[in-house]
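Analysis of the macromolecular model
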Amino acid sequence: MSESPNKLVRFWQELKRRKTGKVIVAYAATAFILLQLAEILTPALLLPAWTTRLVTLILIIGFPIAVIFSWIFDITPEGIKKTQSLEKSDNKAPVTKTTLRRIIISNIIIASLIIVVGILAYPKIFRQDALGKLRSSGERISVAVMPFQNMTGDTTWNIRQVWIQDILINSLSNSVELRIRQVENIYNLVKNQGIVNYASISRIVASTIAQKLDANVFIYGNIKLAGNILQLSAQLIDSKTEDVFKSFQIEGNYKQEKIFQLIDSLSTEIKNFLIISKLKQGHSPESPSFITTNSPEAFRCFLNGRLSYYNQDYPAARNMFFQALAIDSNINIALTLISTSYMNEGLYDQAKKWCQQAYKKREQMPIIMNLLTNWLFANNFETPYKEIIFLRDIIEIDDQMPTVHYLLGYAYSGLGQYDKAIPEYEKSLEICKTLDIRPRWIYSYIYLGRAYHKTGQYKKEKEVYNEATKEFPDNPVLIYQQAVLALSEGDVRKGNEYIEEFISISKGNPESVSEITSNISENFSSDAAIASNMAEIYSEANILDNGEKYYRQALSLEPDNPLRLNNLAWFLINKDRNINEGLELVRKALDLSPDNFEYLNTQGWGMFKQKKYSEALNILQKSWDLRLKNAIYDHEAYLHLEAAKKAVAAVR
């Protein structure tokens, strides 16, 4: 029993005497430093991606050789000699000063190596802990993907800077464990920085953009080309500290059809590193990246169309989308944007037509566009209740999209749920403010103001209009709402000032007033149109005598205009001022335009108020069917139809 401990002690003494332990420590420290150098220099010197793996393999093979060498041989002043046995070594003379000096120097070298390793290793351990905290928090890791920098020296590769960014965003968005910031917000922030060349986006600028997007990390990459070798490099960086969590590098022979495989490989490596389920399980099913074209020209047309779409130049956007589809019909997301562009212009026939085409191909789209297409279909053919479901799903993926919050607020407003609409409108404006971008349209302010108005929050309504004036000065829609607010508060003098300003703009620039009504063919500089708008201002402010006065004035100026007939008819019926006269007026309007669903709704509602429920139901049903065919869901009209159905059922 006593021999075993003696053997262990003897072995330990041999390790110390032969300095094997020091060799192991020194070798490990040196190997770590060499690996760090390889990781840094490989992308910098455009070395093959397998360089780091080769260095690692050589160091692994060299380790047992170094250990064996240290056991058998010793480095002496006379050169390398075979290490003597313990018995012979014990009989040798005491250690000299020279030997002691060599021992001290070797210890200093080893200590220095350990310090260097600590300096290099500590940030890596710290970064892993930071990412570990994000993973363990239970919240999704939010990621912003910057446009890749073209380092090839060939400007024709500039298109691929955004191309790679788009593909990575689409691919990573398919993970339920990540929140991927979408390209529109990144584009706006880059634009606000005055950057026109993506190669000039520094890490500091990228970090600032990521923080504005409330992204935990950002992906910062570049494209390099050496002969026929294409190299994609990317770094996953902490947006606050700018520490690099992980570097990625993919390379291969450059061929047009191979680019997407390289991008897919890069995306897979990033997901493998980021996604918790992959870390736990070692694998997870891959989601398709939805690469929809191999044509740089088709993608260039699509990008130009998307830029025009962002700038609300919808005809120009559609022109570019049509060109992209003509080159490659597989760019399915263009179908959704074409439909939306028509819808934003009130061209519902075309919007519905293109929406149906997009809806058929929604499963071939990235998840965000898939959900947007589902929302678009619900908007065109279903109800706000369905819209809300899909918009909520989009926010789960990226909660920093101001347009989506705006649309969600609009859906709630359409249902009269202003208490739910207000936070969404507010969030939309808050994101725009954080991103330092102007809201896409005045209605981001207008509909929030109207929601405040509906809930009696006039002070907040006034504040939001004052804020809107800074971004959209002299906007007629804004002045219209300010007039309504002033009159609602009893400030007649201020209300009249706004009305005069509104009339002045209407006469000077009638096209700018076209936003107020859905009747695109309206001549907004005419006296009848101005009188009609004044009537609506007074009606919304609940000054009904003045409202009726101006509706009658508008009709007297254009007595055969069905729109004027219906406006007065609706006012008289809906406000219970003279239902019989209202029905007479709307009959005249229907004689001029028999299948107008708005006029039929007015007539049906008048019949309902006269308790002619069966007739009302028939007319309101016809109105509803025509509305769904030619326009979109209207909750007030739906409630009219439901009221008639219930009344008929009760009578039966």
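Residues numbered from 1 in each chain as written. Predicted model: local features only at pLDDT ≥ 70, side-chain atom pairs only at ≥ 80, totals over all residues. Heavy atoms only, no water.

A cluster of nonpolar residues, Leu57, Ile61 and Ile65, forms a patch on the protein surface that exposes about 300 Å² of accessible area. On the secondary structure map, Ile61 appears in helix α3 (residues 51-72). (Patch = residues over 30% accessible without salt bridge, like charges linked within 9 Å, V, L, I, M, F, W, Y side chains within 5 Å. Areas by Shrake-Rupley, 256 points an atom, 1.4 Å probe, with all protein chains shown as cover. Salt bridge = Lys/Arg side-chain N within 4 Å of Asp/Glu carboxyl O. Helix = DSSP H or I, 4+ residues; strand = E, 2+ residues; numbered from the N terminus.)

This next bit is on the nonpolar core. The biggest cluster of nonpolar side chains holds 125 residues, and the ones touching the most others in it are Ile219, Leu266 and Phe302. Not counting the four nearest positions on each side in its chain, Ile219 is found in contact with Val143, Ala144, Val145, Met146, Phe148, Leu172, Ala234, Gln235, Leu236 and Ile270. The next biggest cluster of nonpolar side chains, apart from the first, holds 55 residues, and it includes Tyr498, Ile505, Ile530 and Phe608. (Core = buried A, V, L, I, M, F, W, Y, C linked by side-chain atoms within 4.5 Å. Buried < 20%, exposed > 50% of the residue type's maximum accessible area, 1.4 Å probe, protein only. Contact = heavy atoms within 4.5 Å.)

What follows covers unusual backbone geometry. The phi dihedral of Gln312 falls on the positive side, at around 65°, and the residue is not glycine. With respect to the helices and strands, Gln312 occurs in the loop between α11 (296-310) and α12 (314-327). For Asp576, which is not glycine, the phi dihedral falls at a positive 55°. Among the secondary structure elements, Asp576 is positioned in the loop between α25 (562-574) and α26 (579-592).

Moving on: helix α21 (residues 476-488). Along its 13 residues, α21 runs 18 Å from first to last C-alpha, staying within 8% of the 18 Å computed at 1.5 Å per residue. For α21, the buried fraction is high: 12 of the 13 residues fall into the buried class. Those residues of α21 that sit buried are Pro476, Val477, Leu478, Ile479, Tyr480, Gln481, Gln482, Ala483, Val484, Leu485, Ala486 and Leu487. After α21 finishes, the residue Gly490 shows a positive phi value of roughly 85°. (Expected span 1.5 Å × (residues − 1).)

Each regular strand carries side chains that alternate between the two faces of the sheet. Counting buried positions along strand β3 (residues 141-145) yields 5 of 5 residues, so the element is predominantly enclosed. Here β3 shows no split at all, with Ile141, Val143 and Val145 on one side and Ser142 and Ala144 on the other all buried. Relative to strand β5 (residues 178-180), β3 runs parallel, the two sharing 3 bridges. Paired with Ile141 across the bridge in β5 is Leu178. Sheet topology note: the β3/strand β6 (residues 217-226) ladder contains 3 bridges and is parallel. Bridge pairing in β6 links Val143 to Val217. (Pairing = 2+ DSSP bridges.)

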